[in-house]
Amino acid sequence: MTDDTDAQVRYDEEAGGYLLTVEGQRAGVAAVERRGDVMAFTHTEIDPDFGGRGLGTVLVSRALADVAEEGLAVEPECTFVAGYLERHPEAARRA
């Protein structure tokens, strides 16, 4: 696991989704497509240099919290996001 205080997650339109940085370095992305009031999560990727530290969970949990704050529903097309929501169904309103 990582000290997730070093991890920052923000929506980045140019990156095509939620960008994860760790100590200023790009560590991963959760790709999304906005479809009306639904945010479809299409792919989640963590750079191999940052693997095995739990950063995928940090990325997805913070991205889903942002989507929920915006009042949007989630369509989990990505298997990682779908698995996260199976374990944490309260994390998002499903489309």
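About the criteria used
Residues numbered from 1 in each chain as written. Predicted model: local features only at pLDDT ≥ 70, side-chain atom pairs only at ≥ 80, totals over all residues. Heavy atoms only, no water. pLDDT = per-residue confidence, 0-100. Helix = DSSP H or I, 4+ residues; strand = E, 2+ residues; numbered from the N terminus. Pairing = 2+ DSSP bridges. Right-handed = clockwise from strand over helix to strand, strands pointing away. Expected span 1.5 Å × (residues − 1). Buried < 20%, exposed > 50% of the residue type's maximum accessible area, 1.4 Å probe, protein only. Contact = heavy atoms within 4.5 Å. Salt bridge = Lys/Arg side-chain N within 4 Å of Asp/Glu carboxyl O.

> Kindly report on the confidence of the model for the protein, identifying the contributing residues and their values.
Of the residues in the protein, 95% have a pLDDT of 70 or more, and the chain-wide mean is 93. When mean pLDDT is compared element by element in the protein, strand 4 (residues 38-46) scores highest at 98, while strand 1 (residues 7-12) scores lowest at 96.

> Describe in detail the pairing of strand 5 (residues 73-76), supporting the description with residues and values.
In summary, the side chains of a regular strand alternate between the two faces of the sheet. Pairing between strand 4 and strand 5: four bridges, direction parallel. Bridge assignment links Met39 to a residue of strand 5, and that residue is Val74. Note that the unit made of strand 4, helix 1 (residues 55-69) and strand 5 has a crossover that is right-handed.

> Break down the pairing of strand 1 for me, with residues and values.
Of the strand pairs in this sheet, strand 1 and strand 2 (residues 17-22) are connected by six bridges, and their pairing is antiparallel. Bridged to Asp12 within strand 2 is Gly17.

> Explain helix 1 residue by residue, including any values.
The first and last C-alpha atoms of helix 1 sit 21 Å apart over 15 residues, in line with the 21 Å expected at 1.5 Å per residue. Taken together, the buried positions of helix 1 are occupied by Leu55, Gly56, Val58, Leu59, Val60, Ala63, Leu64 and Val67. On its buried face, helix 1 sits against strand 1, strand 2, strand 3 (25-35), strand 4, strand 5 and helix 2 (79-87). Positive backbone phi, at 80 degrees, marks Gly71, one or two positions downstream of helix 1.

> Help me get a handle on the pattern of salt bridges, residues and values and all.
As a working rule, side chains carrying opposite charge can pair if their charged atoms are close by. Inspection of every chain in the model, using the stated rule, returns three salt bridges. As a salt-bridge pair, Arg35 and Glu33 come within 2.7 Å of each other at their nearest N and O atoms. Among the residues examined, Arg35 registers a relative accessible area of 39% and is labelled partly exposed. Given a relative accessible area of 40%, Glu33 falls into the partly exposed group.

> Which residues make up helix 2, and what are the values?
The complete set of buried residues in helix 2 reads Val81, Gly83, Tyr84 and Leu85. Elements in contact with the buried residues of helix 2: strand 4, helix 1 and strand 5.

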